[in-house]
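Structure at a glance
What follows is each chain in one-letter form.
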Amino acid sequence: MSRRVRRKTILNQDKEKVVVHNSCGNGVCEETCHSEGNLVDADWTSLPDDTVVQIFSCLNYRDRASLSSTCKTFRTLGSSPYLWTSLDLRAHKCDIRTAASLASRCKNLKKLRFRGSDSANAVMFLHARDLREISGDCCRDITDATLSVMAARHEALESLQIGPDFCDRITSDAIQKVSMCCPKLKRLRLSGVRDIDGEAILSLVRNCKQLVEIGFMDCLRVDAPALEDAVSVKFLSLSGSKHINWSLSSQALSKLPNLVGLDVSRTDVPTSAILRLLSSESLKIVNALHCLSFEEGGNYASSDVKSKFLLTPFTDMFKGLSSLICGLVQQERVLENDSKLFWLSSLISGLVQQERITKIDKKLLWNQRNQIAVDGTSRDVIDWMEWVLSHSLLRIAENNPPGLDGFWVGQGAALLLSLVQSLQEDVQERAATGLATFVVIDDENATVHPGRAEAVMSGAGIRLLLNLARSCREGVQSEAAKAIANLSVNADVAKAVAVEGGISLLAALAKSPNRLVAEEAAGGLWNLSVGEEHKAAIAEAGGVQALVDLIFKWPSGGDGVLERAAGALANLAADDKCSMEVAVAGGVHALVMLARSCKSEGVQEQAARALANLAAHGDSNGNNAAVGQEAGALEALVQLTCSNHEGVRQEAAGALWNLSFDDRNREAIAASGGVEALVALAQTCSNGSQGLQERAAGALWGLSVSEANSIAIGQEGGVPPLIALARSDAEDVHETAAGALWNLAFNPGNALRIVEEGGVPALVHLCCSSVSKMARFMAALALAYMFDGRMDEVALIGSSAEGGSKAGSLDGARKIALKHIEAFIQAFYDPPLFSAAAASSASTSLAQVVEAVRIQEAGHLRCSGAEIGRFVSMLRNASPTLRACAAFALLQFTIPGSRHAMHHAGLLHKASASRILRSAAASATAPVEAKIFARIVLRNLEHHPIDSCSLT
């Protein structure tokens, strides 16, 4: 693959969630001290203590620890309780030992975020008894015991959130323990609990009198009617939960006196239940996104009945959200001490009353929500609405249900972009992940929906995401980088990212010491590097070195970052100039290290592809030889051809094919078991992809340039699978198979094997029927090799040993072969053109013949001295057809300007072929086309005098 996308938001527990860099893109603050253009040294230790503490507060934990280690003063200030009121451990693996080492600083800790069940088990060892907020994700394996102990150790807890992944090992028992241990609880959000029974809910209601928000998302069963006594609850989310008795639940929930916001998105709530809920006096907001039963009922148009805001994919959601803001303004909850914001709020209120707000204005109005200063209650409403919207949109995007294209393009993209601008960090993260997810409609083939990508671009989404990626906060950078990476699959978005400075930003993020940020940034560079116009920019931004360094930084345990780094390097290596930069940066050693030691198939595939691309520039740089000379490279690639993963086998065979163009590599591959491995691959790839078949045949073609390897391939059983591949309908496959059979047929023993294995009909079919001129050409040359007389002696020996006559059985095959070789030559015959060339010695006439018969790709073929000598000998063969074929081949190999024309001319000079060519041109028995071809070869030799030709 040349690119990769990521849609899923759920991460493995052993992966890190990381942050990199502060808001200064290059790591250097813009406000550097200057004095008349010169830098001024600053004594940082002389700064006031409160200033240093404030500086510490702007750093992430890794940078804070680094700064603390510089001196005793900073070490003391770095332990200030002010800096340890909030702790985000998602970027780190937090085990019991790590938690114990942090315990002395966590006495005043109020807010904690962590990732993974192991970290959940370690939370208790922080000894942070005064914790008010706990938020954990990727906790699929968290158990009742862990959650119960967590609650028991933190009695002051006010907010507990476990999700958004499924916590199906938590039961109602743990929820009861939480309610009994945490009486000050105000917010509880749990995801994926199997069963939340009435007893657990009643325990919450009775013990947690201050409970304002409950979220039971994606639960298998919730006894919602038991919530009828939850009089303190203002916000409730049952999003995605199953098996709810909506008849009873809607009746109970509609009676809650303080319920303001209700989220029933992705449930099977019916229309009747929605209408009953809307009858509630206190209820103002109902989120009913993707509720199929309700949408099919057809009553979703009533989105503003009695100031109730019902959000569905088929209503103007911005109208409802803007009305929400206006309602807050009209309630006079604006803080009037800010005259500018009060004026803005008054203006909005006036526009609402005059009904002058347009559709575009409504979007702008909702996006101004963070600038309008409202009191705490109204802020809570906005925050909750942002949270449930970000959660719902992400879950819907992950499932990618059909029929929502219009919603995503019309409103969904704009809503996600709006949420990216939230003041809440977790909302920003989830919105960025939603943008990364909803644009991808096919993970396997890395397909991005063009309309959705355009909607993001038209909403200034690229700039918003890049700004988000520049954040110094943990969590948002990696999600923003993921969104940029996925969107960059679209060529138009990739250009926009480049224009907005995204390449430099991603290259900087790829240098992060934090693994997941670096991983997502490498993914962005991978997708951007697909575009030829971006490769040089990535190199100029330091992206090549950053990607190579990633491989050395995480040689094991970081398969995601390694695969993306190798994939990006593979794309960059396809460019000649960039391939040299990859080599200079140590890329050859890094990629070979991955191919040798990494067990991840995705990493192996991309490493092999990168090595294949590095080796593809043999005529313009030395990378082909450099890869072959790297210790263990060839052995590793040979071993990868035996992989169980088809993609790995394909890329490894492709790398060996490219490497085999170097003489030293060719022999080293054979010495490393390459012949046996590639023959085995060819024997087993008949049901594989066309790419695998092409590369398997191609690698054998490359190895068979050496006659010793050619003989070994024949003896190993390589002829039958190549004949089978030659029968393929795929042009690329039968072309490489024809090349391999052409090389094998040079040896008389192999030629006989080809005949005995039924290769003549396959080559004859290619010679006359292939749409590829090159395939027809090489098939004709293979047949010419087989029946120029050298095979007869081998056949005679074989027939003597068997007591029969093989030679006689070859006559029929020879006649068929010569007939089709002649037909191949005749296909290029243009009577008027050839007649004019025969009657005139003018070079113009010969040049016209060259243009008519030239096979462009044949200029890339490079023959050995023995092969050229064989064609020269064939010019004196008794068969006119073989003489014409030999002259035609030599014409193709010596056309001035062709890649190896000078090399072939030198070999002809060395073989003193001019005399034989003149004889062929003057032969009375030769076909006219053979004589003209010979004359053209003589003219080509005049363009390459013997003193200017390389005879190597």
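Structural data are supplied above this passage.
These figures come from a predicted structure and were not determined experimentally. (Residues numbered from 1 in each chain as written. Predicted model: local features only at pLDDT ≥ 70, side-chain atom pairs only at ≥ 80, totals over all residues. Heavy atoms only, no water.)

This part takes up the overall build of the chain. In terms of helices and strands, the chain carries 50 helices and 16 strands. Counting all 952 residues of the chain, 57% fall into the buried class. Accessible surface for the chain amounts to roughly 37,900 Å². Of this, 50% is attributable to carbon and sulfur atoms. (Helix = DSSP H or I, 4+ residues; strand = E, 2+ residues; numbered from the N terminus. Buried < 20%, exposed > 50% of the residue type's maximum accessible area, 1.4 Å probe, protein only. Areas by Shrake-Rupley, 256 points an atom, 1.4 Å probe, with all protein chains shown as cover.)

Moving on to helix H37 (residues 719-726). Residues that lie three or four places apart on an α-helix share one face, since the helix turns once every 3.6 residues. Here H37 lies mainly inside the structure; six of its eight residues are buried. Those residues of H37 that fall on the buried side of the exposure criterion are Val 719, Pro 721, Leu 722, Ile 723, Leu 725 and Ala 726. Of the surrounding secondary structure, the elements contacted by the buried residues of H37 are helix H34 (674-684), helix H35 (690-703), helix H36 (707-716), helix H38 (731-745), helix H39 (748-756) and helix H40 (759-769). (Contact = heavy atoms within 4.5 Å.)

A separate point is the nonpolar core. If you look at the biggest cluster of nonpolar residues, it comprises 222 residues, and the most contacted ones within it are Trp 742, Phe 777, Leu 783, Met 786, Phe 871 and Phe 893. Considering each element in turn, this core owes the most residues, 11 residues, to helix H41 (residues 773-786). Those residues in contact with Trp 742 that sit more than four places away from it in its chain are Met 778, Leu 781, Ala 782, Tyr 785, Leu 861, Cys 863, Glu 867, Phe 871 and Phe 893. Within the second largest apolar cluster, 78 residues are counted, among which are Leu 89, Leu 102, Leu 112 and Val 205. (Core = buried A, V, L, I, M, F, W, Y, C linked by side-chain atoms within 4.5 Å.)

This next bit is on the sheet that holds strand E14 (residues 309-311). Taken together, the 10 strands give an open sheet; going across it, the order is E3-E4-E5-E6-E7-E9-E11-E12-E13-E14, and neighbouring strands pair in parallel fashion. Each end of this open sheet is capped by a strand with a single partner; those strands are strand E3 (86-88) and E14. Pairwise comparison of adjacent strand axes, ignoring direction, gives a mean angle of 5° for this sheet. With three bridges connecting them, strand E12 (residues 261-263) and strand E13 (residues 285-287) associate as parallel partners. Among the inter-strand pairings, Gly 261 is bridged to a residue of E13, identified as Ile 285. (Pairing = 2+ DSSP bridges. Axes fitted to C-alpha atoms, helices over the stretch in contact; angles between N-to-C directions.)

Moving on: the environment of Asp 195. You can see Asp 195 is positioned in strand E8 (residues 195-196). Taking the C-alpha atoms as reference points, Asp 195 and Lys 242, separated by 47 residues in sequence, lie 9.9 Å from one another. Excluding residues within four positions of it along the chain, Asp 195 makes contact with Thr 171, Ser 172 and Arg 221.

Right, let's get into the pattern of salt bridges. Summed over the entire model, instances satisfying the criterion amount to 27 salt bridges. Between Arg 132 and Asp 130 there is a salt bridge, with its nearest N and O atoms 3.2 Å apart. We note a salt bridge from Asp 405 to Arg 452, for which the minimum N-O separation is 2.5 Å. Of this pair, Asp 405 sits in helix H16 (residues 405-420) while Arg 452 sits in helix H18 (residues 450-458), and the two are 47 residues apart along the sequence. For Asp 405, a relative accessible area of 38% puts it in the partly exposed group. What makes Arg 452 buried here is its relative accessible area of 2%. Salt bridges linked by common partners bring Asp 88, Arg 90, Arg 113, Glu 425 and Glu 429 together as one network. (Salt bridge = Lys/Arg side-chain N within 4 Å of Asp/Glu carboxyl O.)

Summed over all chains, the structure comprises 16 aromatic pairs. Here the aromatic rings of Phe 407 and Trp 408 are separated by 5.3 Å at their centres, their planes lie at 55°, and the arrangement is tilted. Under the relative-accessibility criterion, Phe 407 is labelled buried at 6%. Classification of Trp 408 as buried rests on a relative accessible area of 1%. (Phe/Tyr/Trp six-rings, centres within 6.5 Å; stacked < 30°, edge-to-face > 60°.)

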